[in-house]
Amino acid sequence: MLFMRTFFPVLLLCFSSLLSAQNDDGPRREVGIQIQGINFDGNNSFSALFKKQVKPNVWWRYSAASAGLNFFANQNNNVTIFNIRLAVGRELRLPVGERFTFYRGPQLSMGFRIVYPDNNDVDWIIRPGIGYVLGFQHEINRFWGINIETTPTFSAEVANPFQENFSLAVAGGFSNTVELGVFRRF
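It should be emphasised that the depicted structure is a prediction, and the values quoted were computed from it without experimental measurement. All residue numbers here refer to positions counted from 1 along the written sequence of the relevant chain. In view of the model being predicted, local features appear only for residues whose pLDDT reaches at least 70, and side-chain atom pairs are presented and counted only at 80 or more, with totals across whole chains, interfaces and linings using the full set of residues. In computing side-chain values, all of the structure's heavy atoms are included and hydrogens and water are not.

J.: How would you summarise the side chain of Gln 34 if you had to cite specific residues and measurements?
T.: Only runs of H or I of at least four residues qualify as helices and only runs of E of at least two qualify as strands under DSSP, and these elements are numbered from the N terminus. Mapped onto the elements of the fold, Gln 34 is located in strand β1 (residues 29–36). Of the polar contacts made by the side chain of Gln 34, one reaches the side chain of Asn 147; its length is 3.4 Å. A distance of 3.4 Å separates the side chain of Gln 34 from the side chain of Glu 149, its partner in a polar contact. The criterion used for residue contact is that any of the two residues' heavy atoms lie within 4.5 Å. Beyond its immediate sequence surroundings of up to four residues, Gln 34 is in contact with Ser 45, Phe 46, Ser 47, Leu 49, Arg 61, Asn 147, Glu 149, Glu 179, Leu 180 and Gly 181. Residues adjacent in sequence count toward polar contacts only when both atoms are side-chain atoms; beyond that, a polar contact is any pair of N or O atoms within 3.5 Å, and within protein one must be able to donate a hydrogen and the other to accept it.

Rendered as structure tokens:
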């Protein structure tokens with residue numbers, strides 16, 4: 001009986017905290033795609049984006065961008081190139097209107113490029129970067145929305161870090177790319 005008097009209230013307390021966490025403040029996750037550098041020659045890149053709310057107006061964002069696999073062949077050599085960039089950041093949202101939001105925040109990124117020619121001299125290029133996301137988001141309805149953003153980024157590039165002939169290049173400045181995206185909230 002003593003067990004039931006202590007166990008039941010503790011169990012009820014645990015379930016009540018779970019139930020209170022499910023209030024209807026709206027979706028706390030977003031998943032979407034963004035198109036970068038829109039042009040009409042067929043060389044557009046895109047990124048997949050996932051965001052998760054951690055507290056009111058603060059979100060974590062994870063993206064995989066510029067992924068690609070290319071193959072070039074000529075008479076002397078065949079070359080395979082693999083690219084990917086991963087990024088993680090923190091987003092602070094500032095409501096501007098009922099469904100319109102300005103967001104900003106730091107973002108860390110890591111890019112990888114592997115060039116594999118037939119002669120087996122593999123080139124590795126690693127590009128770490130730090131940027132600051134600036135964007136606007138419009139919620140079309142409770143579950144769908146669109147956004148536009150840019151990320152000024154400072155990055156360094158290391159070529160062939162696993163070989164004796166590695167090189168280092170540092171590049172910085174504002175990106176000239178604007179990304180347009182569509183997302184689903186859940």
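Next comes the rest of the account.
J.: Quick rundown of empty space enclosed by the protein? Include the residues and the values.
T.: Both cavities and pockets are sets of points on a 1 Å grid over the protein atoms alone; in a cavity a 1.4 Å probe fits but cannot get out, in a pocket the set is open with protein on both sides within 12 Å along at least five of seven lines, and lining residues sit with an atom within 4 Å of a point. Grid points are joined across faces, edges and corners, and a volume is the space filled by probe spheres set on the points. Scanning the model with the defined rule gives one cavity of 30 Å³ or more in all. Considering only enclosed or pocket space, the largest cavity measures out at about 60 Å³ in volume. Together, Glu 30, Val 31, Gly 32, Ile 33, Gln 34, Leu 49, Lys 51, Gln 137, Asn 147, Gly 181, Val 182 and Phe 183 line the largest cavity. Elements with a contribution of two residues or more to the lining of the largest cavity: β1, β2 (45–55) and β10 (179–185). Per-element accounting of the lining of the largest cavity gives the leading share, five residues, to β1.

By themselves, these figures tell us nothing about what the structure is for.
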